[in-house]
Amino acid sequence: MRDVVCAGTHRHLSEEERSGTTELVFPYRGTYVVHVGEEEAVADASQVLIFNRGESYRVSHPNPGGDASLTISVDEALLQEIVPKDLLREGDAFAFRLHRLRIDARAQVLVALLRHSLREGIAEPLEGESLALTLVQRAIGPRTTHAAASSVGRQRLVDRAKLVLMRDLARRWTLAGVAAEVGVSPVYLTQSFQMVEGMPLYRYQLRLRLARALDQLSEVEDLTTLGLSLGFSSHSHFSAAFQQVYGRSPSEFRQTALRRR
């Protein structure tokens, strides 16, 4: 496991890179775009990105501010026990067919716990490896994974909308405002986003805000200020939304999970 932080200073395509192992990458702060051949994948805290061993890719940073991701290199023999067959390419070589999958709220919590354990050095090897394996199973397991659907055109439209939202998570966007930014009608944007991501645009924005809160909970003391900085109207609004998605209030999560030792 590695906690990878990037300044994101280059907005254009990076030089070509190649992964030496199969890696699952969990973005938790900021956003960037991974380019694999003609395919593009927007990296944000709602996704796991998949890098196949030996596959070339490039990275761009359309939004300023940098980014950070938890990267897990996984032995392919272990992955073969976990990965549903429909996520793999046909042939003898082990490789994922898709380069991204959407993760659920439980996986986002596991990312936060693993990062905290790494940063504070509080996890025993057995605990850290168990959490990491649970996260991998959660991210690519048959019951929790969600692959983006629909045409390439709609997918790219939705990706542009995601980048707009990530530019300023605290901004209270209108549907017409986001649609104008990406150059389509509000109706077409709504239909496309639901078709591709399986959820409405507003709920996706809420998940991004809450994932950012998970990232910052261990670093801030004033939860009201944190909630307001992410676009919530009040502390109660922030706390209720957090509890609905993660099962605990922000203060309870910080006390029982991030400060458990």
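Quick caveat: nothing in here was measured; it's all calculated off a predicted structure.

Undergrad: Looking at this model, I keep getting lost on the environment of G231. Mind explaining?
TA: With respect to the helices and strands, the residue G231 is situated in the loop between α8 (223-229) and α9 (235-246). Apart from residues no more than four positions distant in its own chain, G231 is found in contact with A170, R172 and R209.

Undergrad: How do you make sense of the sheet that holds strand β4 (residues 32-36) when you look at a structure like this?
TA: Hydrogen bonds between backbone groups are what pair the strands of a sheet, and the pairing can be parallel or antiparallel. In spatial order, the strands read β2-β7-β4-β5; together these 4 strands make up an open sheet with antiparallel pairing. Lying at the two open borders of the sheet, with one neighbouring strand each, are β2 (17-18) and β5 (39-43). Sheet analysis places β2 next to strand β7 (residues 56-60), joined by 2 bridges and oriented antiparallel. Bridging across to β7, R18 finds its partner in S56.

Undergrad: Mind showing me how you'd approach the packing of helix α2 (residues 105-120) against helix α7 (residues 201-216) here?
TA: Helix packing for two helices is described by the angle between their axes and how far apart those axes are. Between α2 and α7, the shortest axis-to-axis distance is 9 Å and the interhelical angle comes to 20 degrees. Overall, the two elements α2 and α7 adopt an arrangement that is roughly parallel. For the pair α2 and α7, the crossing hand works out as right-handed. Only R207, A211, L214 and D215 of α7 make contact with α2, whose side of the interface consists of Q108, V109, A112 and R115. Taken together, the residues that form the contact of α2 with α7 break down as 4 nonpolar, 1 polar and 3 charged.

Undergrad: Got a minute to help me understand the pattern of salt bridges in this structure?
TA: Two side chains bearing opposite charge may form a pair once their charged atoms approach each other closely. Applying the stated criterion to the full structure yields 13 salt bridges. A salt bridge links K162 to D159, with the nearest nitrogen and oxygen atoms 3.9 Å apart. With K162 and D159 both in helix α4 (residues 152-167) and 3 residues apart, the pair spans about one turn of that helix. According to the relative accessible area criterion, K162 is buried, its value standing at 0%. Using a relative accessible area of 6% as the deciding quantity, one classes D159 as buried.

Undergrad: I keep staring at α4 and nothing clicks. Help me out?
TA: A turn of α-helix holds 3.6 residues, and therefore any two residues three or four places apart point the same way. If you check α4, its first and last C-alpha atoms are 23 Å apart, about what 16 residues at 1.5 Å a residue would give, namely 22 Å. Every buried residue of α4 is listed here: R154, Q155, L157, V158, D159, A161, K162, L163, V164, L165 and M166.

Undergrad: Any chance you could explain the nonpolar core here in plain terms?
TA: Generally speaking, a soluble globular protein has its nonpolar side chains buried in company with each other. Counting residues in each nonpolar core, the largest one holds 29 residues, and the members touching the most others are F26, F96, L135 and I140. Take this core: its biggest share by element is 6 residues, from helix α3 (residues 125-140). Among all residues touching L135, those that are not within four sequence positions of it are F26, L70, I72, A107, L110, V111 and L114.

Undergrad: Would you take a moment to explain the sheet that holds strand β6 (residues 47-51) for this structure?
TA: Sheet architecture is open: 5 strands sit in the order β1-β8-β3-β6-β9, paired in antiparallel fashion. Two strands in the sheet have a free side with no partner beyond their single neighbour: β1 (2-6) and β9 (100-102). Pairwise comparison of adjacent strand axes, ignoring direction, gives a mean angle of 25 degrees for this sheet. Two strands pair when backbone bridges link them, and strand β3 (residues 23-30) and strand β8 (residues 67-73) are joined in this way by 7 bridges, in the antiparallel orientation. Bridge pairing in β8 links G30 to D67.

Undergrad: What should I look at first to understand the pairing of β6 in this one?
TA: A large share of β6 lies buried, amounting to 5 of its 5 residues. Across 3 bridges, β3 lies against β6 in antiparallel orientation. Each bridged residue has a counterpart across the sheet, and for V25 the counterpart in β6 is L49. Relative to β9, β6 is paired through 3 bridges, and the arrangement is antiparallel. Across the sheet, residue V48 finds its bridge partner in β9, namely L101.

The rules we used
Residues numbered from 1 in each chain as written. Predicted model: local features only at pLDDT ≥ 70, side-chain atom pairs only at ≥ 80, totals over all residues. Heavy atoms only, no water. Helix = DSSP H or I, 4+ residues; strand = E, 2+ residues; numbered from the N terminus. Contact = heavy atoms within 4.5 Å. Pairing = 2+ DSSP bridges. Axes fitted to C-alpha atoms, helices over the stretch in contact; angles between N-to-C directions. Parallel < 35°, antiparallel > 145°, perpendicular 65-115°, else oblique. Left-handed = near helix turned anticlockwise from the far one by under 90°. Nonpolar A, V, L, I, M, F, W, Y, C, P; charged D, E, K, R; others polar. Salt bridge = Lys/Arg side-chain N within 4 Å of Asp/Glu carboxyl O. Buried < 20%, exposed > 50% of the residue type's maximum accessible area, 1.4 Å probe, protein only. Expected span 1.5 Å × (residues − 1). Core = buried A, V, L, I, M, F, W, Y, C linked by side-chain atoms within 4.5 Å.

The analysis is restricted to geometry; functional conclusions fall outside its scope.
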